[in-house]
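Coordinates in review
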Amino acid sequence: MKSIKGQGQANCPNGCEPFDAEFWTLIRGDQDTELKAALLGGELNLLRCPECETFFYHDRNFIYFDPSIELLALVSPKADKKDFDKIKTQMQKDFKLLKDNMTSLSIDYDPFYLAGLEELKAMLEYEEHITQESEVIAAYAAEKGYKIAALKRYGARLKGYPFYIPVDGGDYNAASVLSAAREILKINPSWHLLTALEKDLKAGKPLPEKI
Ligand SMILES: [Zn+2]
């Protein structure tokens, strides 16, 4: 499924005559890097009233979807925090429809329900930050001769783990990951994602699922 554009009535915040406008309802973050860039730059679904020339965002909900990193977000651009429970119920229905129509993608992770473009922007920026830190950890681990395991993104993201983790030896188990993580943390103890993993494994929590 590709990015989808819709068309519908837009209402200027200044109460001008409503007008017809195009807007994106589904953004495939993995396929449409231009749309992703527009989103991060604050230009996605940005409209200009033909009457008073005010710029404003279309208020229709949209979906941001990047199956390559198991990231699915339903976004309500103008959600009032007070009414968000009601809006969320509608979004959950929308998601069920979407999921039923995309069985080929086998989505086995939950969506995020976001109130506002800023929340999505912050989430994507944080994702970028985690990815970079994970890549640095992987580079150091490879240099030390460790194997690298790529974790399933959704679970790693929720737990605050790196997306790539070092493994000491051939077997992927808690002992081999813990041993490698401790060595890598000696290089830089402030890698908080790896520290979180090390702490959890030490406490006997389950090993995260890898790809
Ligand atoms: Zn206007």
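To be clear, the structure that these remarks concern was listed above.
Below, the structure is looked at part by part.

Let's talk about the overall build of the chain
What the chain contains, in helices and strands, is six helices and nine strands. In the chain, which comprises 211 residues, the proportion classed as buried is 25%. A sequence separation of at least 24 residues applies to 59% of the contacts in the chain between residues at least 6 apart.

Looking at the sheet that holds strand β1 (residues 4-10)
Read from one edge of the open sheet, five strands run β1-β2-β5-β6-β7, paired in mixed fashion. Each of the sheet's edge strands pairs with one partner strand only, and the pair in question is β1 and β7 (112-115). Strand-to-strand twist across the sheet, computed as the mean angle between neighbouring axes with direction ignored, equals 25°. Across three bridges, strand β2 (residues 19-28) lies against strand β5 (residues 62-66) in parallel orientation. From the neighbouring strand, leucine 26 faces β5, where its bridge partner is isoleucine 63. Here helix α2 (residues 84-101) sits on the sheet and contacts β5, β6 (71-76) and β7; the angle it forms with β6, its principal contact strand, is near 135°. Its contacts with the sheet put helix α3 (residues 117-143) on β5, β6 and β7, and the angle it makes with β6 is roughly 160°.

Examining the environment of proline 111
Mapped onto the elements of the fold, proline 111 is located in the loop between α2 and β7. Assessed through the 20 C-beta atoms surrounding it within 10 Å, proline 111 is described here as buried. Sequence spacing of proline 111 and methionine 91 is 20 residues, and the spatial spacing of their C-alpha atoms is 9.9 Å. In contact with proline 111, other than residues within four places in its own chain, are Leu72, Ala73, Leu74 and Phe95.

Rules of the game
Residues numbered from 1 in each chain as written. Predicted model: local features only at pLDDT ≥ 70, side-chain atom pairs only at ≥ 80, totals over all residues. Helix = DSSP H or I, 4+ residues; strand = E, 2+ residues; numbered from the N terminus. Buried ≥ 20, exposed ≤ 12 C-beta atoms within 10 Å, placed from the backbone. Contact = placed C-beta atoms within 7 Å. Pairing = 2+ DSSP bridges. Axes fitted to C-alpha atoms, helices over the stretch in contact; angles between N-to-C directions.

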